[in-house]
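# Tertiary structure, described
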Amino acid sequence: MCNAIDRLRRDRALPDGQMRALLLCEDRDVLSYLFQQARRVREEAYGRAVFIRGLVEFTNHCKNDCYYCGIRRSNAQAQRYRLQEEQILQCAQSGYRLGFRTIVLQGGEDPFFTDEKMVSIIRGIKSQHPDCAVTLSIGERPEKSYRAFFEAGADRYLLRHETADEAHYGLLHPAGMSFRHRMDCLKALKEIGFQTGCGFMVGSPYQTVDNLLSDLAFTAAFQPQMVGIGPFIPHRDTPFKDRAAGSALMTLKLLAIIRLLLPTVLLPATTALNTLLPDGCEQGMLAGANVVMPNLSPQGVRKKYMLYNNKASFGSEAAEALDSLRARMARIGYEVVCDRGDYRQPSC
Ligand code: 5AD
C-alpha cells in the first residue's frame, strides 16, 4: 500500500483499484505514512504556515431544501436571521484587527441579498481593507451575478459540488435542484477568474466508495484552488435526522489524498471535522490541511447558523479564541500567519 502512496505522490493520480484500496485501508502504519507524505507535500508548497479565514455567516435564510442541511427552507424550527450591511462590515473590521486577511461571506441562498446588495458589501469590505481577500460562499447564482461580484473585487468563491455522481446528487437534493447546473456554476466561477473551491461531505447518506472515487476524480480534473470537505453530521430537523454521521478518519484520509492529488491546494480543516474531533484542527493539519476558518459572526447568531447539530463554535474555531488556535498549532509545529494566503501555482 505504501507503494501506492508513493505513486500517488509522484503521479498525482492513482488507478481506481488502488485508490479504492487506500480509501478502505485501516492499517495504522499505512495511514501514518499517508499523512506523513501529505504533510511533506504541503510543506513543500506552503511551509508550516496555517492560513486563517474569518467566516461571517451573514444569513441563514435559504430558498433551497437540501435534505441534509439544517437551514433548509422546510425547517420551520430554524430561527432565521440576516445581518445588515453595517454589521457585516463591523465583523470584517473586528476580523481585520484580530489579524485576518481573508473574510469569507457565507450564507444560505437568500434572494434578499440581491446582486446590488452583495456588490455593495464586497466593495465596502475591499475599500475598508484593501489588503484583504474576500471569499464568497453563497451558492448558485447566474453567471452575470458572479461576474458582478468578481468586478466588485471578490477574489475567491466556494461552491461545494456535494457529490460528483448525478444519481447520488438526486438522493441528497429535491427535484428542483440540478447537478448539471451546479457543475455549470463551478465552471463559470473558474472561467471568470475566481480562486474556486469545490468539495463534498464525507459519509453523506447513500454515499458509496464509488461515489468517493468519483469525487476524487472530479476534484483532480477540475483543478480547484480550494477544496472543502467535512463529515456529514445529522441535523435533528431534517429528513436525514436518523442517519449516521460520516467518519472522521475517512475525512482525514481524504484530506491527505486530496493534498497528494493537488499539492498546492488550499485545504481547510473544517468546522464539521472539529465538531466530531476535539483536536480536529490538529489532526487535519497533520493530514495535509493548511487552512482554518474561525467564526467571526456576531455571538448571538452563531447557534442559529446550524447546518448540523452540536456545531463547534465556542472553542478555537471562534475568532476571539485565535490565541488558543495559535497555541494549538504551535504545539504541533505549525504557525498561524497574518496573510491573505492566496493560492500558489504548482512548480511543475
Ligand atoms: N453535515 C455536514 N455538512 C453539511 N453541510 C450542510 N449540511 C451539512 C451537514 N448536515 C455542508 C454542505 C454545504 C456546506 C456549507 O455545509 O456541504 O455545502
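Up top is the structure.
Bear in mind the structure is a predicted one, so any value in this text is a computation, not a measurement.

Let us now look at the overall build of the protein. Helix and strand content of the protein: 14 helices and 9 strands. The proportion of buried residues among the 348 residues of the protein is 60%. For the protein, contacts bridging at least 24 residues in sequence account for 75% of all contacts bridging at least 6. Surface exposure of the protein reaches about 13,800 Å², of which carbon and sulfur atoms provide 50%.

The side chains of a regular strand alternate between both faces of the sheet. Within strand S2 (residues 54-59), 6 of the 6 residues are buried, leaving the element largely enclosed by the surrounding structure. The sheet contact formed by S2 and strand S3 (residues 102-107) spans 5 bridges and is parallel. Bridging across to S3, Thr59 finds its partner in Gly107. Where the polypeptide runs from S2 across helix H4 (residues 85-98) and back to S3, its parallel neighbour, the crossover connection is right-handed.

The next subject is the pattern of salt bridges. Side chains carrying opposite charge are able to pair once their charged atoms draw close together. In this structure the tally under the stated criterion is 22 salt bridges. The closest approach of N and O atoms between Asp11 and Arg7, which form a salt bridge, is 3.7 Å. Of this pair, Asp11 and Arg7 both sit in helix H1 (residues 2-11), separated by 4 residues, roughly a single helical turn. By relative accessible area, which is 30% here, Arg7 ends up partly exposed.

On to unusual backbone geometry. The phi angle at Gln223 is positive, at roughly 50°, despite the residue not being glycine. Examined against the element boundaries, Gln223 turns out to sit in the loop between helix H9 (209-222) and strand S7 (226-231). At Asn310, a position not held by glycine, the phi torsion is positive, near 60°. Along the chain, Asn310 falls in the loop between helix H13 (299-302) and helix H14 (322-331). The exposure class assigned to Asn310 is exposed, which follows from its relative accessible area of 66%.

With that settled, consider the side chain of Gln225. For Gln225, the location among the structural elements is in the loop between H9 and S7. The buried category is assigned to Gln225, whose relative accessible area is 14%. Beyond its immediate chain neighbours, meaning those up to four positions away, Gln225 contacts Lys190, Phe194, Gln195, Thr196, Val265, Leu266 and Tyr343.

Rules behind the numbers
Residues numbered from 1 in each chain as written. Predicted model: local features only at pLDDT ≥ 70, side-chain atom pairs only at ≥ 80, totals over all residues. Heavy atoms only, no water. Helix = DSSP H or I, 4+ residues; strand = E, 2+ residues; numbered from the N terminus. Buried < 20%, exposed > 50% of the residue type's maximum accessible area, 1.4 Å probe, protein only. Contact = heavy atoms within 4.5 Å. Areas by Shrake-Rupley, 256 points an atom, 1.4 Å probe, with all protein chains shown as cover. Pairing = 2+ DSSP bridges. Right-handed = clockwise from strand over helix to strand, strands pointing away. Salt bridge = Lys/Arg side-chain N within 4 Å of Asp/Glu carboxyl O.

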